[in-house]
Amino acid sequence: ADVEDRFLYYIKVRRNTGDTATGALSLTQRIEPINFKGYRGRTVTLSFWYRTGVSFSPKYFRASILGSTDTTSNLTYWAYTSGVIDKQDTEIEPSTVWKQHTITYMIPSNAEQLAIAFGVENPYPWVGTAGSDDSFRVANVQLELGKVATPFEHRLFGEELNLCKRYYEK
């Protein structure tokens, strides 16, 4: 973490200093069906904190929630599959100080996949040559049932470890 940041943990997406690439870049997290199928046909709220670097070059970055009826292909932000039925896409204004943002979304009643994504793409791509901090940061991401964002849930290390153990296989 950068010394001036208020969050201990966050993800930083950036172009390296001097980079001239202007292609799309995204960070996508698929939500396991076990965690959302009971919410199909209901409204959820995505809340997160963000800030952009001092030399962030795009006009905006994007935050999205995607729903798909497809059960077999990968649901990603940039490569939409034929099963993508819905998305809520929001343009986020740059800010060099941390700000909270929320998006509400009704999960389609026939959704088989759900994902959240953060990224930079057309029509507001990276611009010119990257400065020393052409980046955006995202922290305290939370997706929850309802139309109102609640305070971020901090879990103890042991709780999180136990939740992760369902993936462990020896």
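Computed from a predicted model, the values in this text were never measured in an experiment. (Residues numbered from 1 in each chain as written. Predicted model: local features only at pLDDT ≥ 70, side-chain atom pairs only at ≥ 80, totals over all residues. Heavy atoms only, no water.)

### Details of the sheet that holds strand 1 (residues 11–15)
Strand order in the open sheet made by the four strands is 1-8-3-6, with antiparallel pairing throughout. Edge positions in the sheet fall to strand 1 and strand 6 (99–106), since each of these pairs with one other strand and no more. Each adjacent strand pair in this sheet contributes to an overall mean axis angle of 30°, direction not counted. Bridge count for strand 1 against strand 8 (residues 134–145) is five bridges, and the pairing is antiparallel. (Pairing = 2+ DSSP bridges. Helix = DSSP H or I, 4+ residues; strand = E, 2+ residues; numbered from the N terminus. Axes fitted to C-alpha atoms, helices over the stretch in contact; angles between N-to-C directions.)

### Describing the side chain of R62
On the secondary structure map, R62 appears in strand 4 (residues 61–68). Given a relative accessible area of 10%, R62 falls into the buried group. Of note is the side chain of R62, whose polar atom sits 3.4 Å from the side chain of E91. (Buried < 20%, exposed > 50% of the residue type's maximum accessible area, 1.4 Å probe, protein only. Polar contact = N/O pair within 3.5 Å; in protein donor to acceptor, adjacent residues only side chain to side chain.)

### Considering the pairing of strand 4
Of all eight residues in strand 4, eight are buried; the element is thus mostly enclosed. Where burial is concerned, the two faces of strand 4 agree: the one with F61, A63, I65 and G67 and the one with R62, S64, L66 and S68 are both buried. Bridging between strand 4 and strand 7 (residues 113–120) involves seven bridges; their strand directions are antiparallel. Of the residues in strand 7, the one forming a bridge with L66 is A115.

### With respect to the nonpolar core
In this structure, F48, F61, I65, I107, L114, F118 and F136 are the most contacted members of the largest nonpolar core, which totals 23 residues. Look past the residues within four positions of F61 in its chain and what remains in contact with it is Y50, T52, F56, T90, E91, I92, F118, G119, V120 and F136. (Core = buried A, V, L, I, M, F, W, Y, C linked by side-chain atoms within 4.5 Å. Contact = heavy atoms within 4.5 Å.)

### Remarks on the pattern of salt bridges
Summed over the entire model, instances satisfying the criterion amount to 10 salt bridges. Two residues, R166 and E32, come together in a salt bridge whose shortest N-O distance is 2.4 Å. Placement of R166 in the segment after helix 1 (157–164) and of E32 in the loop between strand 2 (25–31) and strand 3 (43–52) is noted, with a sequence separation of 134 residues between them. Take R166: its relative accessible area is 48%, and that puts it in the partly exposed class. When its relative accessible area of 28% is taken as the criterion, E32 is described as partly exposed. Residue R137 is joined to D133 by a salt bridge in which the shortest nitrogen-to-oxygen separation is 3.2 Å. Linked by salt bridges that have partners in common, K12, D133 and R137 make up one network. (Salt bridge = Lys/Arg side-chain N within 4 Å of Asp/Glu carboxyl O.)

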